[in-house]
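# Coordinate analysis (summary)
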Amino acid sequence: LLGASLAHASCDIQVFSHLEPRDLCTLVRTNKALRDFLLNRHLSNAIWRGARERLEGLPALPHFLTEPAYAHFLFSNHCHVGSLIALETGTVSE
């Protein structure tokens with residue numbers, strides 16, 4: 001799992017595409033290889049978007065968040081109010 005080649009990445013994408021955003025957030029914190037793969041914008045954006053779109057009733061992705069950041073915002077137990085205000089107003093860099 002999580003091989004370096006694009007062929008392996010394609011297989012990994014198929015496996016991860018069946019997970020929910022909460023599961024993806026948990027996997028990101030599992031180990032460095034999973035984190036690197038699941039936070040690679042080129043390889044995993046479709047995984048995160050698909051996971052979000054399969055859940056009914058979620059608001060649209062805010063323009064100032066990435067798919068993984070939005071999933072973390074929705075499904076983590078951490079307070080994000082100060083971070084979101086800073087991102088939206090541009091007082092900190094993404």
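In what follows, the structure referred to is the one given above.
Each chain has its residues counted from 1, running along the sequence as written. The predicted origin of the model limits local features to residues at a pLDDT of at least 70 and limits the giving and counting of side-chain atom pairs to 80 or more, whereas totals for whole chains, interfaces and linings rest on all residues. Hydrogens and water molecules were not included; the side-chain quantities draw on all heavy atoms of the structure.

Between N-to-C directions, angles span 0 to 180 degrees; the directions come from axes that are lines fitted to C-alpha atoms, helices contributing only their stretch in contact. For helices the rule is a DSSP run of H or I covering at least 4 residues; for strands it is a run of E covering at least 2, with both sets numbered from the N terminus onward. As a packed pair, helix α2 (residues 21–28) and helix α5 (residues 67–75) sit with axes 9 Å apart at the nearest point and diverge in direction by 105°. As far as their axial angle goes, α5 and α2 are roughly perpendicular. Contact residues: α2 offers Pro21, Arg22 and Cys25, while α5 offers Ala71, His72 and Phe75. When residues are sorted by character, Ala, Val, Leu, Ile, Met, Phe, Trp, Tyr, Cys and Pro go into the nonpolar class, Asp, Glu, Lys and Arg into the charged class, and all the rest, Gly among them, into the polar class. A breakdown of the residues in the contact of α2 with α5 according to their chemical character gives 4 nonpolar, 1 polar and 1 charged. Relative orientations are named as follows: roughly parallel for angles under 35 degrees, roughly antiparallel for angles over 145 degrees, roughly perpendicular for angles from 65 to 115 degrees, and oblique for any other angle. In this description, contact between two residues means that some pair of their heavy atoms is separated by no more than 4.5 Å.

Moving on: the nonpolar core. Ranked by size, the top nonpolar core spans 11 residues in total: Phe16, Leu24, Cys25, Val28, Leu34, Phe37, Leu38, Ile47, Trp48, Ala51 and Ala71. Those elements that place two or more of their residues in this core are α2, α3 (32–38) and α4 (41–54). Not counting the four nearest positions on each side in its chain, valine 28 is found in contact with Arg35, Leu38, Leu39 and Trp48. Throughout, nonpolar core names a set of buried Ala, Val, Leu, Ile, Met, Phe, Trp, Tyr and Cys residues whose side chains join them through atoms within 4.5 Å. Whether a residue is buried, partly exposed or exposed follows from its accessible area with a 1.4 Å probe, protein chains only, as a fraction of its type maximum: under 20%, in between, or over 50%, in that order.

Along α2, the residues that are buried comprise Pro21, Leu24, Cys25 and Val28. Along the axis of α2, the buried residues cluster in a sector spanning 100°; they form a single face. The directions considered for the arc run from the helix axis to the C-beta atoms.

At their nearest, the axes of α2 and α4 sit 8 Å apart, and the two run at 145° to each other. Only Ile47, Trp48, Ala51 and Arg52 of α4 make contact with α2, whose side of the interface consists of Pro21, Leu24, Cys25 and Val28. When its residues are assigned to classes, the contact of α2 with α4 shows 7 nonpolar, no polar and 1 charged.

Now for the side chain of serine 76. Looking at where serine 76 falls in the secondary structure, it is placed in the loop between α5 and α6 (81–89). Using a relative accessible area of 17% as the deciding quantity, one classes serine 76 as buried. As used in this structure description, the phrase polar contact means that two N or O atoms lie within 3.5 Å; if the pair is within protein, one of them must be able to donate a hydrogen and the other to accept it, and residues adjacent in sequence are counted only when both atoms belong to side chains. A distance of 2.8 Å separates a polar atom in the side chain of serine 76 from the backbone oxygen of histidine 72.

Honestly, that's just the spatial picture; any functional story needs more than this.
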